[in-house]
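One letter stands for each residue in the lines below.
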4 protein chains.
Amino acid sequence: MISFECDYICGAHPAVLDALARTNLEPAPGYGFDRFTAEASAKILEACGLENGEVFFLTGGTQTNQIVISTMLRGFEGVVAAKTGHVAVHEAGAIEYSGHKVIELPQTDGKLAAPVLRDYLETFYGNDSHEHMVFPGMVYISFPTEYGTIYSKAELEALHDVCLEYRMPLFIDGARLGYGLMSPECDLDLKEFAHLCEVFYIGGTKVGALCGEALVFTDKALTPPHFQNLIKKRGALLAKGRLVSVQFDALFTDGLYFEISRHAIDMAMRIKKLFRERGYSFLIDSPTNQQFVIIEDSRIEELKKHFRFEFWEKTDKTRTAVRFASSWSTTEEDMKALEAAL
Amino acid sequence: MISFECDYICGAHPAVLDALARTNLEPAPGYGFDRFTAEASAKILEACGLENGEVFFLTGGTQTNQIVISTMLRGFEGVVAAKTGHVAVHEAGAIEYSGHKVIELPQTDGKLAAPVLRDYLETFYGNDSHEHMVFPGMVYISFPTEYGTIYSKAELEALHDVCLEYRMPLFIDGARLGYGLMSPECDLDLKEFAHLCEVFYIGGTKVGALCGEALVFTDKALTPPHFQNLIKKRGALLAKGRLVSVQFDALFTDGLYFEISRHAIDMAMRIKKLFRERGYSFLIDSPTNQQFVIIEDSRIEELKKHFRFEFWEKTDKTRTAVRFASSWSTTEEDMKALEAAL
Amino acid sequence: MISFECDYICGAHPAVLDALARTNLEPAPGYGFDRFTAEASAKILEACGLENGEVFFLTGGTQTNQIVISTMLRGFEGVVAAKTGHVAVHEAGAIEYSGHKVIELPQTDGKLAAPVLRDYLETFYGNDSHEHMVFPGMVYISFPTEYGTIYSKAELEALHDVCLEYRMPLFIDGARLGYGLMSPECDLDLKEFAHLCEVFYIGGTKVGALCGEALVFTDKALTPPHFQNLIKKRGALLAKGRLVSVQFDALFTDGLYFEISRHAIDMAMRIKKLFRERGYSFLIDSPTNQQFVIIEDSRIEELKKHFRFEFWEKTDKTRTAVRFASSWSTTEEDMKALEAAL
Amino acid sequence: MISFECDYICGAHPAVLDALARTNLEPAPGYGFDRFTAEASAKILEACGLENGEVFFLTGGTQTNQIVISTMLRGFEGVVAAKTGHVAVHEAGAIEYSGHKVIELPQTDGKLAAPVLRDYLETFYGNDSHEHMVFPGMVYISFPTEYGTIYSKAELEALHDVCLEYRMPLFIDGARLGYGLMSPECDLDLKEFAHLCEVFYIGGTKVGALCGEALVFTDKALTPPHFQNLIKKRGALLAKGRLVSVQFDALFTDGLYFEISRHAIDMAMRIKKLFRERGYSFLIDSPTNQQFVIIEDSRIEELKKHFRFEFWEKTDKTRTAVRFASSWSTTEEDMKALEAAL
């Protein structure tokens with residue numbers, strides 16, 4: 001059975017596992033006060049071009065979203081997101097669990113557009129009742145989005161400008177950041193990206209690590225006071241902080257993170273080409289590692305005998321959109337098998 | 001200055017104040033274990049035709065919504081509401097504060113239609129990812145709605161049927177219940193109403209009381225265990241439970257609640273007629289005590305010199321929808337002044 | 001049946017009820033933007049000698065404690081209280097419901113002593129693990145305490161000094177403030193009291209009002225931003241803010257609050273004398289309106305036929321400490337009946 | 001620098017790392033629906049002798065405590081723990097963050113004794129005000145305790161009996177379970193242990209794993225409904241559930257978990273002997289891997305040049321209790337160096 005089910009089907013990139021093995025028996029202090037964490041942080045900040053930034057290592061995406069949003073918002077604020085945003089739809093209410101509303105705005109191709117945001121803000125502050133409503137306190141987007149699409153530099157700048165104007169931090173969920181930055185359609189590099197928001201994270205779980213996300217405050221003045229305590233209060237402080245930082249150190253050595261991301265994108269573009277050449281249509285035109293193909297239900301049944309991929313949504317009575325995801329672990333053999341089957 | 005600003009501009013109906021004065025110096029136990037509470041509960045349950053119901057008295061609407069929703073939902077559930085529902089928009093995130101998501105569905109004239117609810121539920125349970133999403137745990141509507149509209153008996157039955165099918169309680173916010181039931185367009189009485197949901201409340205704050213809502217579980221088996229403790233934990237248990245129950249006793253003696261509600265509706269229909277005869281149009285055709293009139297901005301400025309009413313929304317560059325609300329306290333003098341001014 | 005059960009057995013002082021009746025039909029804006037609220041606030045601030053203070057009116061004590069503590073604490077902080085403090089014991093976990101720990105310290109006669117507080121703080125900050133612990137963020141005491149005792153001016157100054165040194169606000173629960181200030185043993189007046197803490201409230205529910213507490217920030221710079229929104233988010237914003245403020249206006253006109261508090265204390269001292277002269281001992285020597293008498297169980301059964309009073313705790317096999325509470329509503333007849341029965 | 005600082009100074013036991021490497025590139029479904037999770041669960045349940053149990057894999061101890069307690073408690077309940085319990089002291093208020101109180105009881109050597117628990121419960125239910133208090137909903141202990149001590153079989157049975165009588169689940173934090181079970185003073189094996197509580201976890205982070213705890217419900221009927229959703233809502237659901245289960249599979253193959261735990265205990269007993277023979281006294285007589293030695297401050301300074309160990313508390317002006325912890329990773333070289341230094 002060959003799997004295109006998602007981008008977290010395998011363990012870690014071998015170089016990441018090697019790094020864990022190499023450092024395994026070196027004693028180190030707990031809770032992130034180890035040299036691995038310091039070194040990985042430095043490498044990440046350098047890659048981001050952030051002199052005054054600060055990095056924290058967490059275990060997963062929902063956890064990171066919950067921590068960032070619940071610690072940066074004030075009591076009377078909620079987080080603004082696209083109606084299809086991950087925090088709005090697929091996190092079991094983790095943000096609301098922290099006591100804050102996700103304010104859902106209309107989206108286009110999974111993206112939140114600057115004019116939509118501005119329009120909402122003007123309406124909100126123009127409403128006489130707004131003191132009885134949830135105040136917009138920060139903006140959440142993901143890059144790539146839930147639909148695999150990415151913001152252009154101009155789109156991100158426009159969105160960030162609105163945030164700055166209304167003094168709200170822009171938080172970018174980068175669970176699949178590598179797959180966004182390495183997309184042929186991306187007109188941003190990591191440094192530019194890092195300067196168009198206040199806080200973001202670099203996903204490891206889906207890009208080469210066993211687990212882990214690197215949370216980056218672009219300026220340490222933005223880090224909430226006693227942030228480690230707040231992480232612990234939410235059950236998310238690792239005793240062995242090194243577990244994640246050692247992995248990120250490997251990913252940010254010699255550009256490994258970008259290299260394996262590019263590999264996944266190459267595979268995704270081949271998947272797209274394979275299906276397109278055979279006349280399939282797509283739910284959305286995704287430039288990243290998730291491809292949403294519309295397939296006859298009967299054909300899906302056949303494919304399922306040899307491949308794993310994810311149900312996305314019914315598009316009509318006889319056809320369904322399914323997701324084929326590539327990742328750093330997609331192999332040439334996987335691709336050949338798919339080519340042969342189509 | 002004459003006020004049509006809202007339906008809570010005055011204190012209490014004189015008969016309610018009298019009841020407070022009459023019982024004022026009779027010693028009674030605290031926390032709702034007094035005879036007034038027992039008596040008012042009995043009167044309300046009788047008016048509702050609920051033999052096995054249970055009544056609790058709370059101070060305000062947002063408080064009641066927050067308590068009912070947060071104590072009846074299970075951890076993995078959220079509450080379903082119209083996108084324009086009070087809990088979704090105008091309660092400062094009180095539901096999310098309790099850790100639960102408000103799942104917002106499309107509305108028509110402020111109402112949540114049964115087919116819309118069913119469609120959402122079928123999509124939800126048909127989605128392979130639904131275990132990572134917030135489960136629909138109860139349905140919230142208000143009667144009348146945020147726009148002053150009311151559900152017909154058939155609409156409410158259809159909605160309740162979907163709730164029963166999916167084993168979700170239907171909770172009705174009746175902050176203005178009297179003004180809904182006494183509307184000329186209403187085809188339900190209180191008894192019928194009470195049998196089309198699992199839990200609801202009868203608003204006092206806006207209908208004749210100084211403060212207070214009577215929360216009714218239609219069957220005491222539905223009351224969450226140790227409910228008083230849960231109320232106290234949310235800061236809402238009155239030391240003098242009598243404060244609210246004495247008022248409701250008066251409101252449910254000799255049909256006072258309905259009588260004063262009908263008065264408000266009569267006044268509202270006169271307001272509607274006044275504006276309509278003079279050629280004004282309305283934002284929505286409301287059959288209850290809130291009338292949403294569209295007025296030229298210059299005319300609004302003039303009216304403001306003598307009347308208070310509420311800004312609702314801009315409808316175009318030169319006109320605005322404003323709300324004129326009547327209530328039990330609207331007087332013949334108020335009406336005459338308005339008539340003269342128009 | 002004559003009741004000494006608690007200090008909230010009756011409605012309101014007649015003058016308070018009169019004020020409600022007198023203002024009843026005057027239209028006023030909602031949510032505390034009415035002239036009654038402005039006027040009552042001004043009277044209270046003047047009585048407190050606070051030029052820059054700010055007053056909010058809430059419905060009950062637990063609610064006020066929950067709101068103050070949860071809005072003033074930062075995410076990594078808890079509130080310090082005596083182990084017997086109301087918030088630690090008798091509020092059903094309302095503080096924890098808001099996500100914050102009550103840090104319980106040893107008490108003496110219900111009081112938290114300055115040296116005990118200092119000792120805890122020194123130990124806390126001296127502990128290498130304190131970054132994994134709940135930070136002390138404010139101090140909560142009540143005046144009088146859960147046992148009816150009061151802090152002397154010197155004790156309160158010492159406690160406040162420790163708070164200032166550690167930059168923590170001191171919050172005083174004054175649910176029974178009048179009964180504390182009017183005690184013959186009290187060496188503080190309201191003005192002095194108000195300058196020995198950052199935030200406190202003046203209890204109305206137990207001192208002459210139908211309901212309500214007047215929350216006083218001693219400097220408006222201490223009021224959390226968008227405080228009304230935070231109140232609403234916790235379900236506690238009254239639509240008719242006037243309900244509480246009109247009552248406090250009456251209580252703070254011509255010294256009524258102090259006069260009726262003194263009456264209650266006079267009655268309590270007579271109760272104490274009655275029991276003492278008959279040889280009864282006391283659980284604690286209370287100088288305020290709650291008297292904790294130790295009585296033979298058989299005698300209790302007899303007294304119960306004509307009087308209501310509260311079980312406090314068993315002191316030995318045959319005797320029990322019970323509470324006799326006086327209040328503004330205790331009458332000469334109540335006293336005579338008790339005298340006759342003893 | 002040789003470290004006896006804590007039991008999480010190194011990565012994973014080599015066999016654990018090997019298991020990760022061996023399974024690394026095998027594709028598997030996410031969120032725990034992989035074969036590794038099924039296999040590891042089966043091995044653990046067999047080792048526990050639990051036919052109807054259910055296992056979940058989580059990342060860390062505080063997280064596990066927070067999830068178990070907040071999902072098993074009902075709204076009106078809190079968790080009972082020793083005053084020195086980990087959840088009471090060292091988790092930054094993670095339990096309170098979930099809205100529940102930690103009810104702190106007196107301890108002896110870090111343990112909660114059955115008579116102390118019973119006494120509290122009798123007092124609680126005997127108190128007329130208990131409906132205004134936090135109900136005891138479950139009991140939390142750790143094995144070993146915060147002080148390294150362990151419960152005897154008789155002590156655990158007695159405690160469990162009280163829990164059963166009051167229908168409260170007993171939850172045992174086994175972050176260091178292996179080090180407890182392998183203590184020479186322990187008169188319980190894993191099977192017996194697993195039958196003396198309702199839910200517990202087997203610590204991996206401190207006993208051979210990179211990270212992870214295996215949470216065991218002793219009967220799957222006890223698992224809260226939609227438990228995975230509740231885990232996700234708290235930010236703790238791993239995309240790659242295999243990360244933890246593969247490690248536990250290795251730990252529960254051929255008794256590795258017990259073998260490495262015994263090694264740590266052997267080392268700890270040698271540490272104890274070393275210090276004892278040289279006349280040092282101990283803060284507490286610990287039979288597990290944490291040894292609390294009282295040392296002259298001047299001597300501590302010297303030792304610090306070559307060893308890392310943890311400050312515990314000052315015992316008098318010139319001496320301090322410090323903790324020396326052994327673990328699965330303590331080596332013969334570490335021991336020899338310590339011996340030489342003393």
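Going by the structure above, here's the rest.
Now for a description of the structure that goes with this document. All of these numbers come straight from a predicted model, not from anything done at the bench.

Here we look at the sheet that holds strand β2 (residues 54-58) of chain C
All names here are of chain C.
- Within the open sheet, the seven strands sit side by side as β2-β8-β7-β6-β5-β3-β4. Their pairing is mixed. Since the sheet does not close on itself, it has two edges, and those belong to β2 and β4 (102-105), each with one partner. Strand-to-strand twist in this sheet, taken as the mean axis angle between neighbours without regard to direction, amounts to 25°.
- Bridge analysis of strand β3 (residues 77-82) against β4 gives four bridges, and the strand direction is parallel. The partner of V79 across the bridge, within β4, is V102.
- Across the sheet, helix α2 (residues 35-48) is in contact with β2, β7 (199-203) and β8 (213-217); its angle to β2 comes to roughly 120°.

With respect to the interface of chain D and chain A
- Facing 46 residues of chain D, the contacting portion of chain A comprises 46 residues.
- Summed over both sides, the interface of chain D with chain A buries roughly 4,000 Å², with 60% coming from carbon and sulfur.
- Among the residues of chain D in contact with chain A, Y97, K233 and K240 of chain D are the three that bury the most area, contributing 19% of the side total.
- Along the contact surface separating chain D from chain A lie zero salt bridges.
- Linking chain D to chain A there are 26 residue pairs in polar contact (both at pLDDT 80 or more).
- Looking at the side of chain D that touches chain A, the elements with two or more residues in it are α1 (14-23), α3 (61-72), α5 (94-97), α10 (227-233) and α11 (242-251) of chain D.
- Counting residues per element, the side of chain D that touches chain A draws most heavily on α3 of chain D, which supplies four residues.

Quick notes on helix α2 (residues 35-48) of chain B
All names here are of chain B.
- Counted at 1.5 Å a residue, the expected span for α2 with its 14 residues is 20 Å, and the 20 Å between its end C-alpha atoms agrees.
- Residues of α2 that are buried: F36, T37, A40, S41, I44, L45 and C48. The buried residues of α2 occupy an angular sector of 155° when the element is viewed end-on, so they sit on one face.
- Elements in contact with the buried residues of α2: α1 (14-23), β2 (54-58), α9 (190-194), β7 (199-203), β8 (213-217) and α11 (242-251).

Some words on the sheet that holds strand β13 (residues 319-325) of chain A
Residues and elements named next belong to chain A.
- Strand order across the open sheet formed by four strands is β9-β10-β13-β12, with antiparallel pairing between neighbours. Each of the sheet's edge strands pairs with one partner strand only, and the pair in question is β9 (281-282) and β12 (310-314).
- Where β9 lies against strand β10 (residues 290-296), two bridges are found, and the strand directions are antiparallel. Each residue of the ladder has a partner; that of S281, found in β10, is I294.
- The strands touched by helix α12 (residues 256-277) within the sheet are β9, β10 and β13, with β10 carrying the most contacts at an inclination of about 20°.

Remarks on the relation of the copies chain C and chain A
- Superposing chain C onto chain A requires a rotation of 180° together with a translation of 0.0 Å along the rotation axis, leaving an RMSD of 0.0 Å. With respect to symmetry, the two chain copies, as superposed, fit the operation of a two-fold axis.
- The share of interface residues of chain C whose copies in chain A are also at the interface is 100%, consistent with both copies meeting through the same surface.

Points about helix α7 (residues 153-165) of chain A
All names here are of chain A.
- For α7, built from 13 residues, the straight-helix expectation of 18 Å at 1.5 Å per residue is met to within 8% by its first-to-last C-alpha distance of 18 Å.
- If you check which residues of α7 are buried, you get L156, L159, H160, V162 and C163. Projection of α7 onto a plane perpendicular to its axis shows the buried side chains occupying an angular sector of 155°, all on one side.
- In the core, the buried residues of α7 are packed alongside α6 (114-126), β5 (135-142), β6 (170-173) and α9 (190-194).

Analysis parameters
- Residues numbered from 1 in each chain as written.
- Chains lettered and ligands numbered in written order.
- Predicted model: local features only at pLDDT ≥ 70, side-chain atom pairs only at ≥ 80, totals over all residues.
- Heavy atoms only, no water.
- Pairing = 2+ DSSP bridges.
- Helix = DSSP H or I, 4+ residues; strand = E, 2+ residues; numbered from the N terminus.
- Axes fitted to C-alpha atoms, helices over the stretch in contact; angles between N-to-C directions.
- Contact = heavy atoms within 4.5 Å.
- Buried area = accessible area lost by both parts, 1.4 Å probe.
- Salt bridge = Lys/Arg side-chain N within 4 Å of Asp/Glu carboxyl O.
- Polar contact = N/O pair within 3.5 Å; in protein donor to acceptor, adjacent residues only side chain to side chain.
- Expected span 1.5 Å × (residues − 1).
- Buried < 20%, exposed > 50% of the residue type's maximum accessible area, 1.4 Å probe, protein only.
- Arc of directions from axis to C-beta.
- Least-squares fit on C-alpha atoms with pLDDT ≥ 70 in both.

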